[in-house]
Amino acid sequence: MPIRCITGVFALLLAMSLQPAAASNLDLLLSGIFPDQQATYIGYESIEREDIPTTSHIERKYLVVDFRFKSDPASDQLQASVHKVCMALLKDRELIRSLSNSGYDMVAVAFDRQSQYDCL
């Protein structure tokens, strides 16, 4: 695995512990990502994967942050929006540390009910 991938995974793991302060920070951070209202922040959901055994060393929890576009975006706009959300999350080291301490190992971005895009 390249060192950049390992560093990215480590950074995300350090950042994911959803305590009350982190939850409010998450809401504040995400609601301000698209000030031009191209996408609206809906909220987040904690997902625990039941298909992974509790004895596994793979984390079972991940976070989905949810946005909605006013109209269907072009493919390049969608990719840019996923990148914008992921970078905003990854740059907030305190938030990433908090999420990691709470057992989260991944964050996904959703702009509709059918698709999720992983930040790593």
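Preceding this section is the structure that the text describes.
Quick notes on the rules
Sequence order sets the numbering: in each chain, residues are counted from 1 along the sequence as written. The model is predicted, so local features are restricted to residues of pLDDT at least 70 and side-chain atom pairs to those at 80 or more, both for listing and for counting; the totals for chains, interfaces and linings are taken over all residues. Just so you know, side-chain values use all the structure's heavy atoms and leave hydrogens and water out. Working definition: a disulfide is two cysteine sulfur atoms within 2.5 Å of each other. Working definition: helices are DSSP H or I runs of at least four residues, strands are E runs of at least two. Numbering for both runs from the N terminus. Exposure categories follow from relative accessible area, calculated using a 1.4 Å probe and restricted to protein chains: below 20% of the type maximum is buried, above 50% is exposed, and the middle band is partly exposed. The set of buried Ala, Val, Leu, Ile, Met, Phe, Trp, Tyr and Cys residues whose side-chain atoms join them within 4.5 Å is what this entry labels a nonpolar core. Any two residues whose heavy atoms approach within 4.5 Å are treated as being in contact. Each reported salt bridge corresponds to a side-chain nitrogen of Lys or Arg within 4 Å of a carboxyl oxygen of Asp or Glu. Two strands are said to pair when DSSP picks up at least two bridges between them. Angles here are taken between N-to-C directions and fall from 0 to 180 degrees, while the axes themselves are lines fitted to C-alpha atoms, restricted in helices to the stretch in contact. To be clear, the arc concerns the directions from the helix axis to the C-beta atoms.

### A closer look at the state of the cysteines
A complete count under the given rule lists 1 disulfide for this structure. Residue C86 pairs covalently with C119 via a disulfide, S to S 2.2 Å. Around the S-S axis, the bridge from C86 to C119 shows a dihedral of about -85° and counts as left-handed. Highlighted residues: C86 in helix α3 (residues 75-91) and C119 in the segment after β4 (116-118), separated in sequence by 33 residues. C119 carries the same exposure label as C86, and that label is buried.

### Focus: the nonpolar core
Grouped together as the largest cluster of nonpolar side chains are 23 residues, with contacts concentrated most on L30, V65, F67, V85, L89, V109 and F111. The set of elements that each furnish at least two residues to this core consists of α2 (20-31), β1 (39-48), β2 (61-69), α3, α4 (93-101) and β3 (104-110). A per-element tally of this core places α3 first, with 6 residues. V65 has contacts with L30, G43, Y44, V85, L89, V107, A108, V109 and A110, leaving out every residue within four places of it along the chain.

### Let's talk about the pattern of salt bridges
Here the structure, examined in full by the defined rule, presents 2 salt bridges. Between R49 and D51 there is a salt bridge, with its nearest N and O atoms 2.6 Å apart. A residue is classified by how much of its surface remains accessible, and D51, at 57% relative accessible area, is exposed. The salt bridge involving D66 is made with R68; its shortest N-O contact spans 2.4 Å. The exposure class of R68 is partly exposed, given its relative accessible area of 23%.

### What about the pairing of β3?
Across the 7 residues that make up β3, a large majority, 5, are buried. Of the pairings in the sheet, the one linking β3 to β4 comprises 3 bridges and is antiparallel in character. Its bridge partner being in β4, A110 is matched across the sheet by Q116.

### A few points about the sheet that holds β2
In spatial order, the strands read β1-β2-β3-β4; together these 4 strands make up an open sheet with mixed pairing. With partners counted over all chains shown, the strands left at the sheet margins are β1 and β4, one partner each. Here the strands of the sheet are splayed against their neighbours by 25° on average, with no regard to which way each runs. With 5 bridges joining them, β2 and β3 adopt parallel strand pairing. Bridge pairing links L63 to V107 in β3. Sitting on the sheet, α3 touches β2, β3 and β4, and the angle it makes with β2 is about 135°.

### Examining α4
Burial in α4 covers these residues: L95, I96, S98 and L99. Within α4, the buried residues cover an arc of 160° as seen down the axis, which keeps them to one side. In α4, the exposed residues that point more than 90 degrees away from the buried face are R93, E94 and N101.

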